[in-house]
Amino acid sequence: MSGNQKSARIQEVESRFNELFGHPPTILVRAPGRVNLIGEHTDYNDGFVFPAAIEREVLMAASLRSDDEIRTYALNFNQPSNFSLKDIQPAQEGRERWSNYIRAMASILQSEQVPLRGINLAVLGDVPLGSGLSSSAAMLVAAGLAFTASTETTIDPVKRALLAQRAEREFVGVNVGIMDMFISALGQANHALLIDTRSLEFEAVPMPATGVSIVIADTNKKRGLVDSEYNQRRAQCEDAVTILKNVLPDIRALRDVSLEDFERFGSLLPEIVRKRARHVITEDVRTLESVEALKRGYITRFGILMNESHESLRNDYEVSCSELDSLVEAARSVDGVYGSRMTGAGFGGCTVSLVADEAVESFRETVPNLFKTATGLNAKITITTAAPGAERLL
Ligand code: GLA
């Protein structure tokens, strides 16, 4: 996104806020969506992930009220939703469901004894919904920032991410890992973060300044089964740990199982559970190796590991789908594509590819056509750099 487009969006949220509430906002925050470069379905196994924040974000403009009311308005849907801090209930009405992220965050902050005050809040986002780019994490993190800004409370960004994760788990009901909120809260411009999801230590690794672009392609297939399948994968990983503990008593999560251990003891696991565990264990190894490769400038190697990650997600973890596979195949047919894989939870949503700068145009021209022929769907291509994490702008 160019600087101009960005300030146009800021102007839009500020002027619409003014129209809605009759005065300019005193608080403005942003929180980005994310793309995961590698390390998929490892975060709830205490493993490693390597996401970047993207140039798609949720903006929230706010002002203080003198009561306990939260007056919110989604500019994308032209839809208000109001509630009181004294009694926060999830919105049942379909049109107001988006406000549950704001309600969830308010409720979690209150349960943490963070003092909240009533606010007016206008929301404007351009993270595509249901595409696996973490629009929900961006909503939660932005709401957390807006609420704490309104009472001048400071919360450390790691804690902010953990509270957002709790909000999604408790209110939205999907037992997600920490990756999406963490990168939305802590992302850094031009860097991807290698996150150890057990210790929550992280390392910002520079993306190449020139020569290679991050290209996101959206299948436009909304992720249907994702919630139930996601929770089922988690349970299968836990089953694997329970069984392997009989021979490896010190393990706490699949992150603790080495490839050697797995080769020795994997046969103890039922076939499906074995496949799930194999994905997670090999994905952790690929993630750490890919980060080393990137640091040394070995983009070709990074791309190969991305491709292997996709194969493992498709064959062992079984979270891909024919649309994602077609899009990955179309991307890989373009000269100058280093690697391409599904990103996020799977079952639809987006792929991520690393593409030589000079091949980006031909990617844009070729991939949607090939994909359309294979699936009848229109792919949407987005080029992004790694963006900064959430921040208060006003
Ligand atoms: C979703 C979850 C994340 C992570 C990914 C898969 O995006 O929110 O925590 O588990 O799926 O890597």
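Preceding this paragraph is the structure being described.
Residues numbered from 1 in each chain as written. Predicted model: local features only at pLDDT ≥ 70, side-chain atom pairs only at ≥ 80, totals over all residues. Heavy atoms only, no water.

**Observations regarding the site of the ligand**
Okay, so step 1: The ligand sits among Arg34, Glu40, His41, Asp43, Tyr44, Val176, Gly177, Met179, Asp180, Tyr230, Gly344 and Ala345.
Okay, so step 2: Side-chain polar atom of Glu40 to an oxygen atom of the ligand: 2.6 Å apart, as the coordinates give it.
Okay, so step 3: Within the contact set of the ligand, an oxygen atom lies 2.5 Å away from a side-chain nitrogen or oxygen of Asp43.
Okay, so step 4: Starting from 310 Å² of accessible surface for the ligand in isolation, the protein chains cover 95%.
Okay, so step 5: Residues that form the shell around the ligand fall into these classes: five nonpolar, three polar and four charged.
Okay, so step 6: Mapping the shell around the ligand onto the domain boundaries places at least three of its residues in each of domain 1 (3-206 + 388-392) and domain 2 (212-384). (Near = heavy atom within 4 Å. Polar contact = N/O pair within 3.5 Å; in protein donor to acceptor, adjacent residues only side chain to side chain. Areas by Shrake-Rupley, 256 points an atom, 1.4 Å probe, with all protein chains shown as cover. Nonpolar A, V, L, I, M, F, W, Y, C, P; charged D, E, K, R; others polar. Domains from an automatic or database assignment.)

**Comments concerning helix H5 (residues 179-186)**
Okay, so step 1: Burial runs high along H5: eight of the eight residues are buried.
Okay, so step 2: Taken together, the buried positions of H5 are occupied by Met179, Asp180, Met181, Phe182, Ile183, Ser184, Ala185 and Leu186.
Okay, so step 3: In the core, the buried residues of H5 are packed alongside strand E1 (27-38), strand E2 (48-64), helix H3 (135-150), helix H4 (157-172), strand E6 (191-196) and strand E7 (202-206). (Buried < 20%, exposed > 50% of the residue type's maximum accessible area, 1.4 Å probe, protein only. Helix = DSSP H or I, 4+ residues; strand = E, 2+ residues; numbered from the N terminus. Contact = heavy atoms within 4.5 Å.)

**Describing the sheet that holds strand E9 (residues 337-342)**
Okay, so step 1: The strand order E9-E10-E8-E11 describes an open sheet built from four strands, whose pairing is antiparallel. Each edge of the open sheet carries a strand with a single partner, namely E9 and strand E11 (380-384). Geometrically, the sheet is characterised by an average inter-axis angle of 20° between neighbouring strands, direction not taken into account.
Okay, so step 2: As paired strands, strand E8 (residues 212-218) and E11 are joined by five bridges and run antiparallel to one another. Its bridge partner being in E11, Ile216 is matched across the sheet by Thr382.
Okay, so step 3: Relative to E9, helix H10 (residues 322-332) is tilted by about 175°, and along the sheet it contacts E8, E9 and strand E10 (350-356).
Okay, so step 4: Contacts from helix H11 (residues 360-375) reach E8, E9, E10 and E11 within the one sheet, and its direction differs from that of E11 by about 160°. (Pairing = 2+ DSSP bridges. Axes fitted to C-alpha atoms, helices over the stretch in contact; angles between N-to-C directions.)

Note that all results are geometric; they support no functional claim without further evidence.
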